[in-house]
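# Residue-level structural notes
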Amino acid sequence: MEQINSKRSFSQAKRLTNTSNIIFNLVNFIILSSLVIVTVYPFWNTIAVSFNDGLDSLRGGITFWPRKFTMQNYKAVFATGAIFQAFLISVTRTILQTVLSVFCTGLLAYSLSRKEYILRKPCTTILVISMYVSAGIIPSYFLMRQLHLLNSYAVYIVPNLIDVFNFILVRTYIRGLPDSFVESARIDGAGEFRIFLNIIMPLIVPAVAMVSLFVAVGAWNSWFDTYLYASQKVNLHSLQYVLMEFLQSSQNQSHSAADAGALALAGAAGGSGMVTPISIRASITIVATLPILLVYPFMQKYFIVGMTIGGVKE
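Residues numbered from 1 in each chain as written. Predicted model: local features only at pLDDT ≥ 70, side-chain atom pairs only at ≥ 80, totals over all residues. Heavy atoms only, no water.

## Comments concerning the overall build of the protein chain
Across its full length, the protein chain holds 15 helices and zero strands. The buried share of the protein chain, reckoned over its 314 residues, is 33%. Partitioning the contacts of the protein chain with sequence separation of at least 6, the portion at a separation of at least 24 is 73%. Summing over all exposed atoms, the protein chain offers an accessible surface of approximately 19100 Å²; the carbon and sulfur share of this is 67%. (Helix = DSSP H or I, 4+ residues; strand = E, 2+ residues; numbered from the N terminus. Buried < 20%, exposed > 50% of the residue type's maximum accessible area, 1.4 Å probe, protein only. Contact = heavy atoms within 4.5 Å. Areas by Shrake-Rupley, 256 points an atom, 1.4 Å probe, with all protein chains shown as cover.)

## Quick look at the side chain of histidine 237
Within the secondary structure, histidine 237 sits in the loop between helix H11 (224–229) and helix H12 (239–256). Of note is the side chain of histidine 237, whose polar atom sits 3.4 Å from the backbone oxygen of lysine 233. Excluding residues within four positions of it along the chain, histidine 237 makes contact with Ala86, Ile89, Tyr156, Thr226, Ala230, Ser231, Val242 and Glu245. (Polar contact = N/O pair within 3.5 Å; in protein donor to acceptor, adjacent residues only side chain to side chain.)

## Let's talk about the packing of helix H9 (residues 192–203) against helix H10 (residues 205–221)
Where H9 meets H10, the closest approach of the two axes is 5 Å, and the angle between their N-to-C directions is 75°. By the angle class used here, H9 and H10 are roughly perpendicular. Of the residues in H10, those in contact with Met201, Pro202 and Leu203 of H9 are Val205, Pro206 and Val208. A per-class count over the contact of H9 with H10 returns six nonpolar, no polar and no charged. (Axes fitted to C-alpha atoms, helices over the stretch in contact; angles between N-to-C directions. Parallel < 35°, antiparallel > 145°, perpendicular 65-115°, else oblique. Nonpolar A, V, L, I, M, F, W, Y, C, P; charged D, E, K, R; others polar.)

## Regarding the packing of aromatic side chains
Two aromatic rings are characterised by how far apart their centres lie and by the angle between their planes. A complete count under the given rule lists 15 aromatic pairs for this structure. Ring geometry for phenylalanine 78 and phenylalanine 84: centres 6.1 Å apart, planes at 35°, overall tilted. Between phenylalanine 87 and tryptophan 220, the ring centres sit 5.9 Å apart and the planes meet at 85°, which makes this aromatic pair edge-to-face. Taken as a pair, phenylalanine 87 in helix H4 (residues 82–111) and tryptophan 220 in helix H10 lie far apart in primary sequence, 133 residues in all. Three or more aromatic residues link up through ring pairs in this structure, and these residues are Phe103, Tyr110, Phe193 and Phe196. (Phe/Tyr/Trp six-rings, centres within 6.5 Å; stacked < 30°, edge-to-face > 60°.)

## As for a nonpolar patch on the surface
Among the surface-exposed residues, Ile23, Val27, Ile31, Leu32 and Leu35 lie close enough to one another that they form a single nonpolar patch of about 460 Å² accessible area. Inspection of the secondary structure puts isoleucine 23 in helix H1 (residues 2–50). (Patch = residues over 30% accessible without salt bridge, like charges linked within 9 Å, V, L, I, M, F, W, Y side chains within 5 Å. Salt bridge = Lys/Arg side-chain N within 4 Å of Asp/Glu carboxyl O.)

## Brief notes about the confidence of the model for the protein chain
Summarising the model, the protein chain shows a mean pLDDT of 79, and 81% of its residues fall at 70 or more. Scored below 50 in pLDDT, residues 257–271 shows nine contacts in the model against residues more than four places distant or in partner chains. (pLDDT = per-residue confidence, 0-100.)

## Focus: the pattern of salt bridges
Enumeration over the complete set of coordinates arrives at four salt bridges. Its salt-bridge partner being aspartate 179, residue lysine 115 comes within 3.8 Å of it at the nearest N-O pair. A residue pair is termed long-range when its members are at least 10 positions apart, and lysine 115 in the loop between H4 and helix H5 (120–132) and aspartate 179 in helix H8 (residues 179–187) qualify at 64 residues. Since its relative accessible area comes to 34%, aspartate 179 is described here as partly exposed. What emerges from the salt-bridge pattern is a single network uniting Glu116, Arg186 and Glu192.

## Focus on the packing of H4 against H9
Their axes nearest at 11 Å, the elements H4 and H9 cross at an angle of 115°. Considering their axes alone, H4 and H9 lie roughly perpendicular with respect to each other. In this structure, the crossing between H4 and H9 has a hand that is right-handed. Across the interface between the two elements, Phe103, Gly106, Leu107 and Tyr110 of H4 pack against Glu192, Phe193, Ile195, Phe196, Leu197 and Ile200 of H9. (Left-handed = near helix turned anticlockwise from the far one by under 90°.)

## A short note on the nonpolar core
The biggest cluster of nonpolar side chains holds 23 residues, and the ones touching the most others in it are Tyr110, Val170, Ile174, Ile195, Ile200, Ile204 and Val211. For this core, the elements supplying multiple residues, two or more each, are H4, helix H7 (164–175), H8, H9 and H10. Setting aside residues no more than four positions away along its own chain, tyrosine 110 makes contact with Ile174, Val182, Arg186, Glu192, Ile195, Phe196 and Ile200. The next biggest cluster of nonpolar side chains, apart from the first, holds 17 residues, and it includes Trp220, Ile284, Ala288 and Ile292. (Core = buried A, V, L, I, M, F, W, Y, C linked by side-chain atoms within 4.5 Å.)

## Considerations on the environment of glutamine 232
With respect to the helices and strands, the residue glutamine 232 is situated in the loop between H11 and H12. Taking relative accessible area as the criterion, glutamine 232 reaches 67% and is therefore assigned exposed. Each C-alpha atom of the pair glutamine 232 and leucine 150 lies 9.2 Å from the other, and the pair is 82 residues apart in sequence.

This is the structure in structure tokens:
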């Protein structure tokens, strides 16, 4: 009799557990689906607006699909002759800045992670202070001028060779490695530079990939340094800077019109295909975001490593 009662109790508990699991999974699915929709919809809506007729976009109400499909917005963006040169500058800058910054940051992190280096703590303290305290834009401009970096391609690379935040992440990752690797290499006669290249770098690939993603995204999206240090050299303008100027010019042109009603009348009179700040803004957003968006899915897993490293405290 007791066995029968225990079996009934077990079956009831199992049914309750199954019901609870179903409810829990259903709630999770609803919440996560809502988060996906909230996250993806703004970007998808931007794509729809970028492919929609500019005058029609002023009416609003565009959700998932363009009402009047057109490529005029992208033609207007790429009609700017400087955009291809700017694209080349942004690509080369992103690649060079990423490679050199990761190498220099990793080399510095390795140097200041060695316990036998007696100045590692003062140097680290100075670097951390520089992350929180900045001289400001004007002293930085005068420094770039004294270094003869203004209106030169090097102004994109040299000031960004070392990033303190990335240095802390890489140094923390290196300090988590066993010292026996370095000691064994030294016994075999390897120098510090060879140890860094052949021993340390292969072991910190997740940290290197994470830092590379941070640096690449920052370099690709940067335009303010072009505005400050290279605005007078047209052939050095980055893609983001050219697109920002194009957006500002389109907005200024829209201010010359009386109002949205005047634009609507122009469309009724045969002005279809006219671009507006709304459509230009959407197409510029897609052009500037798409390249880095294609790379991001392959590097996403390294964000987990970054969050883990950032949570470790000495």
